[in-house]
Amino acid sequence: MTKPLQYDSYIICGTPRTGSTMLCNLLAATGIAGDPDSFFMRDVDVVWASEWGLPKREGMTHQAYCAAYLKAAIASGKAQTGIFGLRLMRENLGDLGAMIDAVYPGLSDDKSRLQAAFGRTLCIHLLRGDKLAQAVSMVKAEQTGLWHIASDGKELERLAPPQPPRYDFDRIAAKLDRLTAYDTGWLNWFKAEDIAPLTIEYETLSTDPSQIINRIIQELGFDEDVHVSADPGVGRLSDETSREWVRRFRAELVQR
């Protein structure tokens, strides 16, 4: 790297089942672009606070505790590189804004809050063009308890005991509506905050991750000759059952 970076941080603005775990892993694997994760899934995440060894909230003001949490999150998301990485779901945007507001009160908009906390920030809008496939993926993960597998098929993340997947039109429809609303929420927020995000689609990320990582690396301001051999690290859970659910849902939707 021979020139100053264009940004001090980046936020992966996503929704569930868009390949955000893959993208975080690939960016961390570059060794130059931080170690992004979901540090703000709620007001104060007790799991992260414990991992970082933060003091108990008792005896501290809310502002002091939020400042300590922000500082620890930034250090973790930088991973001793020059840039901070963060993954943020739309439903957690308010939690992040409230925490920053406690440390930097009086700012009038989220764009100013992000700049105060993280410096020059690139927003990466990670979306999935096929929203129905995204909804099916989420329903299957919730039902089976299996959220991520490795490239070789080994389980990486399981949140519940194994259960067989069961087709459920109403549940898929509800997820489809919610995921669509989340993406609309991001688009409305970008417009309201006058933010021009870098848009990344899951469909390209899952088929050509190297292209996506190099695109992000260059957007951040690294020299154009910095290239990354990207190994996804996680495998795709989509299978024939997923495809059958998509076909069945579309057929039933026409009949309703």
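Notes on the structure follow.

## A word on the sheet that holds strand S6 (residues 198–201)
Step number 1: Strands sit in the order S2-S1-S3-S6 across an open sheet of 4 strands; the sheet is parallel. Strands with a single pairing partner mark the edges of an open sheet, and in this sheet they are strand S2 (84–89) and S6. Pairs of neighbouring strands in the sheet enclose a mean axial angle of 25°, with direction left out of account.
Step number 2: Here strand S3 (residues 121–127) pairs with S6 via 4 bridges, running parallel. Looking across to S6, one finds that Ile124 is bridged to Leu198.

## Section: unusual backbone geometry
Step number 1: Although it is not a glycine, Ala79 sits at a positive phi angle of roughly 50°.
Step number 2: Of note, Ala79 is situated in the loop between helix H3 (62–78) and S2.
Step number 3: Residue class for Ala79 comes out partly exposed when judged on its relative accessible area of 36%.

## Looking at the packing of H3 against helix H4 (residues 93–103)
Helices that pack against each other are described as a pair by the angle of their axes relative to one another and the distance between those axes.
Step number 1: Between H3 and H4, the least distance of the axes is 8 Å, while the angle of their chain directions is 115°. In the crossing of H3 with H4, the sense of the turn from one axis to the other is left-handed. Contacts from His62, Gln63, Cys66, Ala67, Tyr69 and Leu70 in H3 reach Met99, Ile100, Ala102 and Val103 in H4.
Step number 2: Across the contact of H3 with H4, the residue classes break down as 8 nonpolar, 2 polar and no charged.

## Some remarks on the packing of aromatic side chains
Step number 1: All told, the structure shown has 13 aromatic pairs when counted by the stated rule.
Step number 2: Judged by centre distance (4.8 Å) and plane angle (65°), the rings of Phe39 and Trp48 are edge-to-face.
Step number 3: Classification of Trp48 by relative accessible area gives buried; the value is 13%.
Step number 4: Looking at Arg90, its charged tip hangs above the ring of Trp186, at a distance of 5.8 Å from the centre.

## Quick notes on the packing of helix H1 (residues 20–29) against helix H9 (residues 209–220)
Step number 1: Where H1 contacts H9, the two axes come as close as 11 Å, and the packing angle between them is 60°. As for the relative orientation of H1 and H9, their crossing is right-handed in sense. Of the residues in H9, those touching H1 at Leu23, Leu26 and Leu27 are Pro209, Ile212, Ile213 and Ile216.

## Here's the deal with the environment of Gln211
Step number 1: On the secondary structure map, Gln211 appears in helix H9.
Step number 2: Given the relative accessible area of 42%, Gln211 is considered partly exposed.
Step number 3: Along the chain, Gln211 and Gln115 lie 96 residues apart, while their C-alpha atoms are 28 Å from each other.

## Some details on the pairing of S2
Step number 1: Summarising burial for S2: 6 of the 6 residues are buried, a large majority.
Step number 2: Burial of the side chains of S2 extends over both faces: Phe84, Leu86 and Leu88 are buried on one face and Gly85, Arg87 and Met89 on the other.
Step number 3: The pairing of strand S1 (residues 9–14) with S2 spans 6 bridges and is parallel. Along S2, the bridge assignment pairs Tyr10 with Gly85.

## Points about the layout of surface pockets
Step number 1: Computed from the structure, the second largest pocket encloses a volume of approximately 200 Å³.
Step number 2: Forming the walls of the second largest pocket are Tyr7, Lys111, Leu114, Gln115, Gly119, Arg120, Thr121, Leu122, Cys123, Asp194, Ile195 and Ala196.
Step number 3: Looking at the lining of the second largest pocket, the elements that each hand over two or more residues are helix H5 (110–118) and S3.
Step number 4: Residue composition of the lining of the second largest pocket, grouped by class: 6 nonpolar, 3 polar and 3 charged.

Thresholds applied
- Residues numbered from 1 in each chain as written.
- Predicted model: local features only at pLDDT ≥ 70, side-chain atom pairs only at ≥ 80, totals over all residues.
- Heavy atoms only, no water.
- Pairing = 2+ DSSP bridges.
- Helix = DSSP H or I, 4+ residues; strand = E, 2+ residues; numbered from the N terminus.
- Axes fitted to C-alpha atoms, helices over the stretch in contact; angles between N-to-C directions.
- Buried < 20%, exposed > 50% of the residue type's maximum accessible area, 1.4 Å probe, protein only.
- Left-handed = near helix turned anticlockwise from the far one by under 90°.
- Contact = heavy atoms within 4.5 Å.
- Nonpolar A, V, L, I, M, F, W, Y, C, P; charged D, E, K, R; others polar.
- Phe/Tyr/Trp six-rings, centres within 6.5 Å; stacked < 30°, edge-to-face > 60°.
- Lys NZ or Arg CZ within 6 Å of the ring centre and 35° of its normal.
- 1 Å grid on protein atoms, 1.4 Å probe; cavity = no way out; pocket = protein on both sides within 12 Å on 5 of 7 lines; lining within 4 Å.
- Points joined across faces, edges and corners; volume = space filled by probe spheres on them.

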